[in-house]
Amino acid sequence: MKALVSIGSYNFPEPSEYEANVSTIVNSGRNVQGKVVGTVIRDDVAKVTLSWKFLTVSDWAKINKCFAEKYGGSFYNNVTFFNQVTGAWEARKMYVSDRNASIFRRDPISGDVVGYVNPKLSPVEV
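Residues numbered from 1 in each chain as written. Predicted model: local features only at pLDDT ≥ 70, side-chain atom pairs only at ≥ 80, totals over all residues. Heavy atoms only, no water.

Participant: Can you lay out the packing of aromatic side chains for me, pointing to particular residues and giving the numbers?
Facilitator: Going through the model one piece at a time under the given rule, you end up with six aromatic pairs. Relative to Phe12, the ring of Tyr10 has its centre 5.6 Å away and its plane inclined at 55°; by these criteria the two rings are tilted. Accessibility expressed as a relative area gives 21% for Tyr10, which makes it partly exposed. Residue Phe12 is classed as buried on the basis of its relative accessible area of 5%. Ring centres of Phe75 and Tyr95 lie 5.7 Å apart, and the angle between their planes is 15°; this geometry places the pair in the stacked category. Of the two residues, Phe75 is situated in the loop between α1 (57-65) and β6 (77-83) and Tyr95 in strand β7 (residues 88-106); the sequence distance between them amounts to 20 residues. In this structure Phe75 comes out as partly exposed when scored by relative accessible area, which is 41%. Pairwise contacts between aromatic rings join Phe75, Tyr76 and Tyr95 into one cluster. The ring centre of Trp89 lies 5.3 Å from the NZ or CZ of Lys2, which sits over that ring. The ring centre of Tyr71 lies 5.6 Å from the NZ or CZ of Lys65, which sits over that ring. (Phe/Tyr/Trp six-rings, centres within 6.5 Å; stacked < 30°, edge-to-face > 60°. Buried < 20%, exposed > 50% of the residue type's maximum accessible area, 1.4 Å probe, protein only. Helix = DSSP H or I, 4+ residues; strand = E, 2+ residues; numbered from the N terminus. Lys NZ or Arg CZ within 6 Å of the ring centre and 35° of its normal.)

Participant: So what's going on with a nonpolar patch on the surface? Which residues, and what values?
Facilitator: Side chains of Phe54, Phe104 and Val114 sit close together on the surface and give an oily, nonpolar patch of about 250 Å² of accessible area. Its location among the elements puts Phe54 in strand β5 (residues 54-56). (Patch = residues over 30% accessible without salt bridge, like charges linked within 9 Å, V, L, I, M, F, W, Y side chains within 5 Å. Areas by Shrake-Rupley, 256 points an atom, 1.4 Å probe, with all protein chains shown as cover. Salt bridge = Lys/Arg side-chain N within 4 Å of Asp/Glu carboxyl O.)

Participant: Mind laying out α1, listing which residues take part and the relevant values?
Facilitator: For α1, the full list of buried residues reads Trp60, Ile63 and Asn64. One side of α1 carries all its buried residues, which in axial view fall inside an arc of 95°. Tucked inside the fold, the buried residues of α1 contact β2 (10-11), β5, β7 and β8 (113-125). (Arc of directions from axis to C-beta. Contact = heavy atoms within 4.5 Å.)

Participant: Just give me the short version of the pairing of strand β4 (residues 36-51), but keep the residues and values in it.
Facilitator: Sheet analysis places strand β3 (residues 17-30) next to β4, joined by 13 bridges and oriented antiparallel. Directly across from Gly29, in β4, lies its bridge partner Val37. As judged from the three bridges shared by β4 and β8, these two strands associate in the antiparallel manner. Across the sheet, Lys47 pairs through a bridge with Val124, a residue of β8. (Pairing = 2+ DSSP bridges.)

Structure below.
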């Protein structure tokens, strides 16, 4: 089965939730009659939000490293995802916005983090 989201050859684990967002960037203002006057600057800008109920420390680290240059990743990545506008798989250049997760628990003996609950991130088209 094809991964819902991937960067290069790295397939993200199947998310528990996948939310797609499409934006139209508009330069607009109001005229003296109070009506909007605008021009579409760019249409069909994609953002996907992925979240998981649980990820291991290793899986969450692999995902985060995709976006960190010091770990072999890149700020901008070609992200392949299912585009809701075209109904097809597409690769687009994206960066990642905030990433967050809550620690599931720590091993009571070693103190190691066991995993994360509700990790979430959003690749946004450049």
